[in-house]
Each structure stands twice: as structure tokens, then as C-alpha cells.
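Remarks on the overall topology
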Amino acid sequence: MSGWRLAFVRTPGVSVCDVVLNGVVVHALSWDWSQPRAYPVVQHPFETDRTCWLHVIEIDTVDVQLAFAMGDAEDDVVVYYLPADAGDPNVVQGRDPLFEGHWRALEAEASNLPWPRAEPEWSGRDEFLAALEHVEVRAEVVDYRGLSHCRVCSRVNGYRAFRLDRWEWPEGFRHYVEDHGQRPTEAFVRFIAAQAAWLLGSETSSLLG
Ligand SMILES: [Zn+2]
């Protein structure tokens, strides 16, 4: 968890030169996009039932020490946050994102990411896939930088991801579950079931156990 406060909203027509945080014109600085970054997920600044995904940028030079977070709140609306402590009346909590279906590139690769494993006897598959279909209609769609290929059969398997609440999963995740017997993690199954039940006005999903 990390604390943040909304510091600037850049709407269409507002120049990046106008984005000033703690007296610093942030877009006048160069920052290293390749450095490991945190991705806090905060309550959406304008809508209570959505989240906003941010990424943290830390600038540490002789002249400037500045940490801030930025993210897309809407099309062409970028929001900027500054760190805030718990006593700040405008603090919002940033939570870590959760990922499903993010595989390592190769089975033998040294990585903390999982590799698909078939569990064809899983009985919740049909209900999960039906729930996933409803949830993906509501989820935010984000573009990847390139095509993803299925780790099992090598077919082209999507180039976008879905985001909802704290979760992100690739559009091709369905293919693993449907065609390769993948069983989703228990946490993701429960999330999808709860979201679908809420969308459909029902609390009766057996996936929720
Ligand atoms: Zn495949």
C-alpha cells in the first residue's frame, strides 16, 4: 500500500509544459522508462466504481528529486499524483496490481512467472468461461505493444489485455482455459465469479463456493 494525492489533471488542450508538480515542470525532465517501476492501482479520481492504474516515476538528479505517479483517467485525460502520507485529507491508497495469465516467454526460462499447466478435469470451466465473457464486456481494454503467441500451440493469441479493479489479464487467456485445459488461479476465479454475479444481479454463482 502506498499513499497518493491527486496533484494535476491534464485535459485535452492543456500543454505538457503546464504540468508542474512541487514546482517542477515534469515533462521538461527526462526520465528512465526502463527502470523498475511500481504500478499502484488507486480509486478512479472521477468515478467511484472504477480504478485507475498508475505508474510511478522517480527522478533523482543533482537538481531534482521528485517521485510522482501518472496514469490515464480517460481518453486524453492524464492524472498526476504526488506521494501523500496517511494524515493527508486527500490521500488515496495505492494497491498492488494483480495479474493472471502472464506467462514466462519460454518454459525453460528462469522467471517467477508461471507456465501453462493443463488441468482438464476442473469442473468449474464452463461456468468460469461464461462469467469471464460477461466481465470482459465491462472491463477496460488496454493495448499491448505487440502480438502475443500461445505458449502451448504457438498461434497468435491477442494483442490486448483487460483490466478491472486490481486485475489485468490478456485477452488470449480464455484460449488457454478453453482449449488447453488451463485452470485459473483460485483468486482469479473468485474475482471473476463475484464480478459476474454483481453484473448479473445474482449472488448464486457456484464458483464462489
Ligand atoms: Zn494455444
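Along each chain, residue indices are assigned from 1 in the same order as the chain's sequence is written. This being a predicted model, a pLDDT of at least 70 is required before a residue's local features are given, and a value of 80 or more before pairs of side-chain atoms are given or counted; all residues contribute to the totals for chains, interfaces and linings.

Quick word on the overall build of the protein
As a reminder of what qualifies: Strands here mean DSSP runs of E at least two residues long; helices mean DSSP runs of H or I at least four residues long; both are numbered from the N terminus. Each residue is classed by its C-beta neighbour count within 10 Å, where at least 20 other C-beta atoms makes it buried, 12 or fewer makes it exposed, and intermediate counts make it partly exposed; the C-beta atoms are placed from backbone geometry.
In terms of helices and strands, the protein carries 3 helices and 13 strands. Sorting the 209 residues of the protein into buried and exposed places 22% on the buried side.

Let's talk about the nonpolar core
Soluble globular proteins tend to pack their nonpolar side chains together in the buried interior. Quick note on the threshold: As used here, a nonpolar core is made of buried Ala, Val, Leu, Ile, Met, Phe, Trp, Tyr and Cys residues. They are joined through C-beta atoms within 7 Å. What counts as a contact is two residues whose backbone-derived C-beta atoms lie within 7 Å of each other.
Counting 16 residues, the largest nonpolar core has Phe128, Ala131 and Ile192 as its most contacted members. For this core, the secondary-structure elements that each account for two or more residues are α1 (125–138), β12 (160–164), β13 (167–170), α2 (173–179) and α3 (186–199). The element contributing the most residues to this core is α3, with 5 residues. Discounting residues that sit within four places of it in the chain, Ile192 has contacts with Phe128, Ala131, Leu132 and Val135.

Points about the domain arrangement of the protein
Our working rule: A domain assignment, automatic or from a database, supplies the domain bounds used here.
Per the domain assignment, the segments making up the protein are domain 1 (2–94) and domain 2 (98–208). Using only C-alpha atoms to locate each centre, domain 1 and domain 2 end up separated by 29 Å.

A word on the sheet that holds β12
Where we set the bar: Strands pair, by our definition, only if DSSP identifies at least two bridges between them.
In space, the 4 strands of this open sheet follow the order β10-β13-β12-β11, with mixed pairing throughout. Because the sheet does not close on itself, it has two edges, and the strands there are β10 (98–99) and β11 (140–143). One ladder, built from 4 bridges, connects β11 with β12; its direction is antiparallel. In the strand pairing of β12, Glu140 is matched with Arg163.

Section: the packing of α1 against α3
Applied cut-off: Whenever a helix is involved, its axis is fitted only over the stretch in contact; in every case the axis is a line through C-alpha atoms, and angles between N-to-C directions fall within 0 to 180 degrees. Angular relationships are summarised with four words: roughly parallel below 35 degrees, roughly antiparallel beyond 145, roughly perpendicular across 65 to 115, and oblique for the angles in between. Throughout, a crossing is termed right-handed when the near helix is turned clockwise from the far one, and left-handed when it is turned anticlockwise from it by less than a right angle. Lys, Arg, Asp and Glu make up the charged group, whereas Ala, Val, Leu, Ile, Met, Phe, Trp, Tyr, Cys and Pro make up the nonpolar group; the residues left over, Gly among them, are polar.
In contact at an axis separation of 8 Å, α1 and α3 are set at 65° when each is read in the N-to-C sense. Taken together, the axis directions place α1 and α3 in an arrangement best described as roughly perpendicular. When you trace α1 past α3, the crossing you get is left-handed. In contact with Phe128, Ala131, Leu132, His134, Val135 and Arg138 of α1, α3 contributes Val189, Ile192, Ala193, Gln195, Ala196 and Leu199. Its residues assigned to classes, the contact of α1 with α3 shows 9 nonpolar, 2 polar and 1 charged.

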